[in-house]
Amino acid sequence: MDDSLTDVYDLQRLHARGRADLAENPERAFVSFTAAAALFRGPVLAGVPDGAIVSTFMRWAEEMRLECLESIARCSLRIGRHREVVSDLTHWIDEHPFHEAFRELLMLALHLSGRRAEALSEFQRARHLMREELGLEPSETMRQLQSAILNDRRDLALAR
């Protein structure tokens, strides 16, 4: 069997296992999502001529990758790896500056690491970028998180 086809099956299997473990065993889910994300070793289908099927698959694969990365961050927060995930989230935001979930997770990781001012600065950076580039305000979820951080609501932040 072609290695790339095996990678697709492995990605689906690891992603499904991670989702199944997420609520009950975040450590095991973290391992599954990390293994799934590691299957991405470069651009999907690099060098393959673009077409409708290829474009659709590339979008699907990128969405799977982003979901795995978000899940890695969520698992990291649930298992107490707040500080460790900050650099990963910062890197992922550099790659995807308008992906609000990464910014929310970074704000939460910074807050839970005792870096409240940096968490609030991240909100301001996101707000500025979204206003300047898209003419939008941050999502309601992000604004609620900002409020929770302003009020030092660690209980609310942990429940997220």
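Overview of the structure. Computed from a predicted model, the values in this text were never measured in an experiment.

Topic: helix α2 (residues 26-38)
Logical step 1: The terminal C-alpha atoms of α2 lie 18 Å apart, and with 13 residues this matches the ideal 18 Å at 1.5 Å per residue to within 8%.
Logical step 2: Looking at α2, one finds that the buried residues are Pro26, Ala29, Phe30, Ser32, Phe33, Ala36 and Ala37.

Focus: the packing of aromatic side chains
Logical step 1: Evaluation of the coordinates by the stated rule reveals 2 aromatic pairs.
Logical step 2: Both rings, one in Phe57 and one in Trp60, keep their centres 5.4 Å apart while their planes meet at 35 degrees; by these two values the pair is tilted. Remark: Trp60 and Phe57 occur in helix α3 (residues 52-78); sequence separation between them is 3 residues, near one turn of the helix.
Logical step 3: Measuring from ring centre to ring centre gives 5.7 Å for Trp92 and Phe102, while their planes differ by 40 degrees; the resulting arrangement is tilted. Residue Trp92 is located in helix α4 (residues 82-95), and its partner Phe102 is located in helix α5 (residues 100-112); the two are separated by 10 residues in the primary sequence.

Some words on the environment of Val31
Logical step 1: Topologically, Val31 is positioned in helix α2.
Logical step 2: Judged by relative accessible area, Val31 falls into the exposed class, the value being 53%.

Side note on α4
Logical step 1: Between its terminal C-alpha atoms α4 stretches 20 Å, which fits the 20 Å expected from 14 residues at 1.5 Å a residue.
Logical step 2: Taken together, the buried residues of α4 touch α3, α5 and α6 (116-134).

Quick word on the packing of α4 against α5
Logical step 1: Close contact between α4 and α5 brings their axes to 9 Å; oriented N to C, the two are set at 150 degrees. Regarding the angle of α4 to α5, the classification is roughly antiparallel. Both α4 and α5 take part in a crossing whose hand is left-handed. Residue-level inspection shows His82, Val85, Val86, Leu89, Thr90, Trp92 and Ile93 of α4 in contact with α5, the latter providing Phe102, Arg103, Leu105, Leu106, Ala109, Leu110 and Leu112.
Logical step 2: Here the residues of the contact of α4 with α5 are counted per class, giving 11 nonpolar, 2 polar and 1 charged.

Here's the deal with the nonpolar core
Logical step 1: Counting residues in hydrophobic clusters, the biggest one holds 38 residues, and the most contacted among them are Leu11, Ile72, Leu77, Leu89, Trp92 and Phe102.
Logical step 2: Secondary-structure elements contributing two or more residues to this core are α1 (3-21), α2, α3, α4, α5, α6 and α7 (140-150).
Logical step 3: With 9 residues, the single largest contributor to this core is α3.
Logical step 4: If we skip the residues at most four places from it in the chain, Ile72 touches Phe30, Phe33, Thr34, Ala37 and Trp92.

Procedures and definitions
Residues numbered from 1 in each chain as written. Predicted model: local features only at pLDDT ≥ 70, side-chain atom pairs only at ≥ 80, totals over all residues. Heavy atoms only, no water. Helix = DSSP H or I, 4+ residues; strand = E, 2+ residues; numbered from the N terminus. Expected span 1.5 Å × (residues − 1). Buried < 20%, exposed > 50% of the residue type's maximum accessible area, 1.4 Å probe, protein only. Phe/Tyr/Trp six-rings, centres within 6.5 Å; stacked < 30°, edge-to-face > 60°. Contact = heavy atoms within 4.5 Å. Axes fitted to C-alpha atoms, helices over the stretch in contact; angles between N-to-C directions. Parallel < 35°, antiparallel > 145°, perpendicular 65-115°, else oblique. Left-handed = near helix turned anticlockwise from the far one by under 90°. Nonpolar A, V, L, I, M, F, W, Y, C, P; charged D, E, K, R; others polar. Core = buried A, V, L, I, M, F, W, Y, C linked by side-chain atoms within 4.5 Å.

Distances and angles like these do not, on their own, reveal function.
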